[in-house]
Amino acid sequence: QMMDKQLKNIQCERCGINATEGKKVGNIIMNYESVWVCGGCYMEFIKKKPITGFGLGFMQALGNNAQPPLRGWNHAHFEFLQMWLELGVIGVLMSVWCLWHYFRTFLGCVRSNLTIALAGIMVGIFVNGIFNFPIHLWLISSLGMLSYSAMYAVKHEEENAYDG
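Undergrad: Help me out: how do you make sense of the packing of aromatic side chains in this one?
TA: What characterises a pair of aromatic rings is the spacing of the ring centres plus the angle enclosed by the ring planes. If you walk through the whole model with that rule in mind, you get 6 aromatic pairs. Measuring from ring centre to ring centre gives 4.5 Å for Phe-54 and Phe-58, while their planes differ by 15°; the resulting arrangement is stacked. Both residues of the pair, Phe-54 and Phe-58, belong to the buried class. Aromatic pair Tyr-102 and Tyr-148: ring centres 5.5 Å apart, planes at 15°, arrangement stacked. Separated by 46 residues along the polypeptide, Tyr-102 in helix 4 (residues 79–108) and Tyr-148 in helix 6 (residues 138–161) bring together distant segments of the chain. Take Tyr-102: its relative accessible area is 0%, and that puts it in the buried class. Given a relative accessible area of 26%, Tyr-148 falls into the partly exposed group. One aromatic cluster is present, formed by Tyr-102, Phe-103, Tyr-148 and Tyr-152 through successive ring pairs.

Set out below in C-alpha cells:
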C-alpha cells in the first residue's frame, strides 16, 4: 500500500507519464524504441530520489501498475540502472565497493584454475548486468554468491596454510 502511494506521486516529465495514471506515448509497447523511452523515464524517476532510491520491489510495482510504455517492464534490463532506481546512490556505491573488494581479494590470491574461474564468473555477471538483470535471476545470482563466497574461502585457506 505504501508503494501504491509512492507510485501515485511519481510523474515523468520527459514523456508525460504518471506512474499509475499515465498516457500512452504513441504505439510504443515492448519494443526496442520503448527501451529508450523507458530508460528516459527511469532517469526522471531517479532524479526524484537519487540518494536512497524508491526501495526494493519498486520496479516490479511500477511495471505492474504503470500505463504504457512502462507497463510490463518489471526490470530495467540494465542491472545498475535498476539498482540505482531501487537502492539509490547508497546501494550502488555499496555494490561497487563489494565488486572492488572482491577483485582486490582475487589479486591477493595465488592464481589457480579455481580462482581464475571464480573471477570469470563474476566478470560474466558484471558484463551481463549491462544488458540484462542477472542479479534478479536466481540461478545466475546463486552462481555469483557462490563465486563471491568461494573466493574468500580460498583466500582464508591460503592464509591458514602458512600458519602451520
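Undergrad: Help me out: how do you make sense of the environment of Val-123 in this one?
TA: Mapped onto the elements, Val-123 comes out in helix 5 (residues 113–131). Val-123 gets classed as partly exposed once you look at its relative accessible area, which sits at 40%. With 24 residues separating them in the primary sequence, Val-123 and Leu-99 have C-alpha atoms 9.6 Å apart.

Undergrad: Whenever I open this one, the environment of Ser-95 confuses me. Can you help?
TA: Of note, Ser-95 is situated in helix 4. Between the C-alpha atom of Ser-95 and that of Phe-80, which follows or precedes it by 15 residues, the distance is 9.3 Å.

Undergrad: Would you mind showing me how to read helix 6 here?
TA: Residues three or four positions apart in an α-helix share a direction because the helix packs 3.6 residues into each turn. In this model, helix 6 (24 residues) spans 34 Å end to end at C-alpha, consistent with the 34 Å of a helix rising 1.5 Å per residue. Of the residues making up helix 6, those classed as buried are Ser-141, Gly-144, Ser-147, Met-151, Val-154 and Glu-158. Buried residues in helix 6 make contact with helix 4 and helix 5.

Undergrad: Which parts of the structure should I look at to understand the nonpolar core?
TA: Where a protein is soluble and globular, its nonpolar side chains tend to be buried together. Counting 15 residues, the largest nonpolar core has Tyr-42, Phe-45, Leu-62, Leu-70 and Leu-85 as its most contacted members. Sorting elements by how many residues they give to this core places helix 2 (residues 32–48) first, with 5 residues.

Undergrad: Is there a simple way to explain the side chain of Glu-86 in this structure?
TA: Assignment of secondary structure puts Glu-86 in helix 4. It turns out Glu-86 is buried and unbridged, and the closest side chain with the opposite charge, Lys-49, is 13 Å from it. Only 3.1 Å separates the side chain of Glu-86 from the backbone nitrogen of Met-59, close enough to count as a polar contact.

Undergrad: Looking at this structure, how should I read the packing of helix 5 against helix 6?
TA: Working note: a packed helix pair is described by the angle between its axes plus the distance between those axes. Running from amino to carboxyl end, helix 5 crosses helix 6 at an angle of 145°, the nearest separation of the two axes being 9 Å. When the axes of helix 5 and helix 6 are compared, the crossing they make is left-handed. Contacts from Leu-114, Thr-115, Leu-118, Ala-119, Ile-121, Met-122, Ile-125 and Asn-128 in helix 5 reach Ile-140, Leu-143, Gly-144, Ser-147, Tyr-148, Ala-150, Met-151 and Val-154 in helix 6. Residue composition of the contact of helix 5 with helix 6, grouped by class: 12 nonpolar, 4 polar and no charged.

Parameters and conventions
- Residues numbered from 1 in each chain as written.
- Predicted model: local features only at pLDDT ≥ 70, side-chain atom pairs only at ≥ 80, totals over all residues.
- Heavy atoms only, no water.
- Phe/Tyr/Trp six-rings, centres within 6.5 Å; stacked < 30°, edge-to-face > 60°.
- Buried < 20%, exposed > 50% of the residue type's maximum accessible area, 1.4 Å probe, protein only.
- Helix = DSSP H or I, 4+ residues; strand = E, 2+ residues; numbered from the N terminus.
- Expected span 1.5 Å × (residues − 1).
- Contact = heavy atoms within 4.5 Å.
- Core = buried A, V, L, I, M, F, W, Y, C linked by side-chain atoms within 4.5 Å.
- Lys, Arg positive; Asp, Glu negative; His and termini not counted.
- Salt bridge = Lys/Arg side-chain N within 4 Å of Asp/Glu carboxyl O.
- Polar contact = N/O pair within 3.5 Å; in protein donor to acceptor, adjacent residues only side chain to side chain.
- Axes fitted to C-alpha atoms, helices over the stretch in contact; angles between N-to-C directions.
- Left-handed = near helix turned anticlockwise from the far one by under 90°.
- Nonpolar A, V, L, I, M, F, W, Y, C, P; charged D, E, K, R; others polar.

Note that all results are geometric; they support no functional claim without further evidence.
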